[in-house]
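Observations on chain architecture
Read off the chains here:
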Amino acid sequence: MTLRSRLATGLILIAIILVGPLVFAIQSLHRLQDDARALRDNDFAASLLLGRLREGLNDLRRGELALLFSKDKASRDTLDDELGQVGRLADSLSHFQLPAYGREIAESVRQIAAAAPSEYRAALANQPKLADSISANVFVPALNHADSTVILAEDALSIRTGHRVSDQAANISNTARLSAGALLLALIIAAGIAILLTRSISEPIRNLQSGMRAVADGDLGYHLRLSESRSDEFGQLARSFQEMTRQLSELDKLKAEFVSVASHELKTPINVMIGYLQLLDEGVYGPLTDQQKEVHKTLGIQANTLSRLVKQLLDVSRFEAGSGRVEPRRIHLDALLEELESSFHVLALQRGVKFSVERQEGLPEDVYWDPDRINEVVGNLLSNAFKFTPRGGSVTLRFEPADEGASVRIEVSDTGAGIPPEQVRHVFEKFFQADNQSAAQAGGTGLGLAIAKQIVEAHGGTISCDSSVGVGTTFAITLPVRVARRSSGQRLTTVAAAERT
Ligand code: ADP
């Protein structure tokens, strides 16, 4: 699924999930509205009907009195009408689920209606006693019974309405609770989808970001966790990334091979020049004038700088072209220390610098490092220390155990010129030279520390620098006691390329 369709699907899902509770709430409101309408149509209408029935019964009572007093036809007709009306009202009660009461009232009305003609006749015939007796024995009791039935029906109706209203109230609060619960659930699901969606996008981006950073730092062998076989845009990016690193590695290999071949080719003419300069110095071609000696000296310095630069370029390119490979072997630590001490002893005497070698307790007898490479690194740090330390100063080489015996820490410290604080972090960059060259006893190329860092890292170790201007500089290397055969992982070229040089 492409990124765009994944985003669209995710957003539509979230929208549907959020709309769900809304639809549910609207439906519930509709149901409540229907129920309220039913309540109004039923119970409210029933209550009105009962009211009218009560009125009708009262009218009957008044109509009977009127007939008994006025004894005329008009009163009789009115009473008849009222009887008919009350009878119809009583029949209507059956429509409002109150049929029993309706029947009772209708029965009373029927009794009244049956007795009414006799009562009319007695009243119209001026037989008040007979009329009164019919009224007292039939009319009034039936009317009273109808009245009390209406009251009973009203009570029943009010109880029924009360139940329905409390049912409605319970329904409303249930609906509110369900709607809130559904909304909460929808929010949780929507948040889950949003998190999954974000993660499915941010994780590959983070992975690509680390890949880009690694490439920017020179690690062309970085492997993305992102699968190249993905069908979305990230799959395309992963494929482009791998293609880019492959081409960069190829380019890097070509560059390293070119530098390696070029510096190798430069070595011969430089050595010839230095050889002839030596012969001139030895007077093989006759004595030199003072002016010629000056020129010879300058040429000598420049030729030596050139030779050192070519040697270091060759070192870097060989190391890079050889995948930064190290060949660890067993080294007797004491032998390494002695070799370094004797190598720099003479230089220390020549420069008038005190040189001390310190070996702390707890060091292993043997370590597994690439001896030539480590000699090169420590030799370079010591050369720098002597180069930047004035006569009368001191240089110390210290070996001590680190990481509870799992590593060895090598420190080279001097009391020399020091490095300006803002430049310390750049000293391991290729061709970087700090603003302290005036204090140097000899020229340099700015490559030594870059090579040293590569070698130390290829051993799985670290190198750091601490320096104060006018006080001195300390370089510290930490190397694991046992280094497995490995490469720095920064360059991916064959050893054969290095060996060809
Ligand atoms: P080079 O010594 O050939 O210039 P390096 O890579 O060995 O190149 O060192 C880079 C720079 O770091 C040096 O030019 C110097 O400015 C600074 N530096 C290295 N070691 C020391 C030291 N012990 N004291 C002062 N500066 C140093």
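Residues numbered from 1 in each chain as written. Predicted model: local features only at pLDDT ≥ 70, side-chain atom pairs only at ≥ 80, totals over all residues. Heavy atoms only, no water.

Details of the pairing of strand 4 (residues 394-402)
Test applied: DSSP-based pairing: two strands are paired if at least 2 bridges between them are found. The helix and strand labels rest on DSSP assignments: H or I over at least four residues marks a helix, E over at least two residues marks a strand, and numbering proceeds from the N terminus.
When strand 2 (residues 354-359) meets strand 4, the two strands line up parallel, connected through six bridges. Of the residues in strand 4, the one forming a bridge with Ser-356 is Thr-396. Where strand 4 lies against strand 5 (residues 407-414), eight bridges are found, and the strand directions are antiparallel. Across the sheet, the residue bridging to Thr-396 is Ser-413, located in strand 5.

Some points on helix 7 (residues 333-351)
Selection criterion: A helix is expected to span 1.5 Å multiplied by its residue count minus one. Bend is the name given here to the angle between axes fitted to two runs of seven residues, the run ending at a residue and the run starting at it. Classification of residues uses two cut-offs on accessible area relative to the type maximum, computed with a 1.4 Å probe and protein chains only: under 20% is buried, over 50% is exposed, and between them is partly exposed. In this analysis, two residues are considered to be in contact whenever any of their non-hydrogen atoms come within 4.5 Å of each other.
In this model helix 7 runs 27 Å from its N-terminal to its C-terminal C-alpha over 19 residues, within 8% of the 27 Å that 1.5 Å per residue would give. Of all bends in helix 7, the biggest is about 30 degrees, found at Phe-344. All buried positions along helix 7 are accounted for by Leu-333, Leu-336, Leu-337, Leu-340, Phe-344 and Ala-348. Where helix 7 is buried, its residues touch strand 1 (329-332), strand 2, strand 3 (366-369), helix 8 (371-388) and strand 4. At the C-terminal side of helix 7, Gly-352 shows a positive phi close to 70 degrees.

Examining the side chain of Thr-473
The condition that has to hold: Any pair of N or O atoms that falls within 3.5 Å is considered a polar contact. Within protein, one atom must be able to donate a hydrogen and the other to accept it, and sequence-neighbouring residues count only if both atoms are side-chain atoms.
Among the structural elements, Thr-473 can be located in strand 7 (residues 472-480). On the accessibility criterion, Thr-473 (5% relative accessible area) is buried. A distance of 2.9 Å separates the side chain of Thr-473 from the side chain of Ser-467, its partner in a polar contact. Discounting residues that sit within four places of it in the chain, Thr-473 has contacts with Val-412, Ser-413, Asp-414, Gly-418, Ile-419, Cys-465, Asp-466 and Ser-467.

Some words on the site of the ligand
The condition is simple: Nearness here has a simple test: a residue counts as near a molecule or strand if at least one of its heavy atoms is within 4 Å of that partner. Lining residues are those with an atom within 4 Å of a point, where the points come from a 1 Å grid over the protein atoms alone and group into cavities, where a 1.4 Å probe fits but cannot get out, or pockets, open sets with protein on both sides within 12 Å along at least five of seven lines. Here the criterion for a molecule occupying a pocket or cavity is that more than half of its atoms lie within 2 Å of the pocket grid points. Gly counts as polar in this scheme, as do all residues outside two lists: the nonpolar Ala, Val, Leu, Ile, Met, Phe, Trp, Tyr, Cys and Pro, and the charged Asp, Glu, Lys and Arg.
Neighbouring the ligand are 22 residues; Asn-384, Gln-433, Asn-436, Thr-445 and Leu-449 lie closest to it. The separation between an oxygen atom of the ligand and a polar side-chain atom of Lys-387 is 2.9 Å. Spatially, the ligand is embedded in the largest pocket. If you list the elements that add at least two residues to the shell around the ligand, you get helix 8, helix 9 (448-458) and strand 7. With five residues, helix 8 is the single largest residue contributor to the shell around the ligand. The class makeup of the residues in the shell around the ligand is nine nonpolar, 11 polar and two charged.

Quick notes on the pattern of salt bridges
Which entries qualify depends on this criterion: The rule for a salt bridge is simple: a side-chain nitrogen of Lys or Arg has to be within 4 Å of a carboxyl oxygen of Asp or Glu.
Evaluated as defined, the whole model comprises 21 salt bridges. Residues Arg-54 and Glu-154 are paired through a salt bridge, measuring 2.3 Å at the closest nitrogen-oxygen approach. Of the two residues, Arg-54 is situated in helix 1 (residues 3-70) and Glu-154 in helix 4 (residues 128-216); the sequence distance between them amounts to 100 residues. For Arg-54, a relative accessible area of 30% puts it in the partly exposed group. Its relative accessible area of 23% is what places Glu-154 among the partly exposed residues. Glu-243 is the salt-bridge partner of Arg-246, the closest N and O atoms lying 2.8 Å from each other. With Arg-246 and Glu-243 both in helix 5 (residues 233-281), this residue pair falls three residues apart, about one helical turn.

Section: the domain arrangement of the protein
The criterion, for reference: Bear in mind that the domain bounds are from an automatic or database domain assignment.
What the domain assignment reports for the protein is domain 1 (3-193), domain 2 (233-321) and domain 3 (325-487). Between the C-alpha centres of domain 1 and domain 2 there is a distance of 110 Å.

Let's talk about the sheet that holds strand 6 (residues 462-468)
Here is the rule: Between N-to-C directions, angles span 0 to 180 degrees; the directions come from axes that are lines fitted to C-alpha atoms, helices contributing only their stretch in contact.
Spatially, five strands are ordered 2-4-5-7-6 in an open sheet, and the strand pairing comes out mixed. Edge positions in the sheet fall to strand 2 and strand 6, since each of these pairs with one other strand and no more. Ignoring strand direction, the axes of neighbouring strands in this sheet form an average angle of 10 degrees. Packing of helix 8 onto the sheet brings it into contact with strand 2, strand 4, strand 5 and strand 7, and relative to strand 5 it is tilted by some 20 degrees.

Structural notes on the layout of surface pockets
Defined as follows: Grid points are joined across faces, edges and corners, and a volume is the space filled by probe spheres set on the points.
Roughly 810 Å³ of volume is contained in the largest pocket. For the largest pocket, the lining is made up of 40 residues, of which Gln-312, Asn-380, Asn-384, Lys-387 and Gly-448 are closest to its centre. Take the lining of the largest pocket: its biggest share by element is 11 residues, from helix 8. Its residues assigned to classes, the lining of the largest pocket shows 17 nonpolar, 15 polar and eight charged. Residues lining the lining of the largest pocket come from more than one domain, with at least three contributed by each of domain 2 (233-321) and domain 3 (325-487).

A few points about the nonpolar core
Rule in force here: In plain words, nonpolar cores are sets of buried Ala, Val, Leu, Ile, Met, Phe, Trp, Tyr and Cys residues tied together by side-chain atoms within 4.5 Å.
Membership of the largest hydrophobic core comes to 47 residues, with the highest contact counts inside it found for Trp-369, Leu-382, Leu-397, Phe-399 and Ile-410. A total of seven residues in this core trace back to one element, the largest contributor, which is helix 8. Residues within four places of Leu-397 in sequence aside, it is in contact with Leu-337, Leu-340, Phe-355, Ser-356, Val-357, Glu-358, Val-378, Leu-382, Ile-410, Glu-411 and Val-412. Ala-46, Leu-83, Val-86 and Leu-143 belong to the second-largest nonpolar core, a separate cluster that totals 31 residues.

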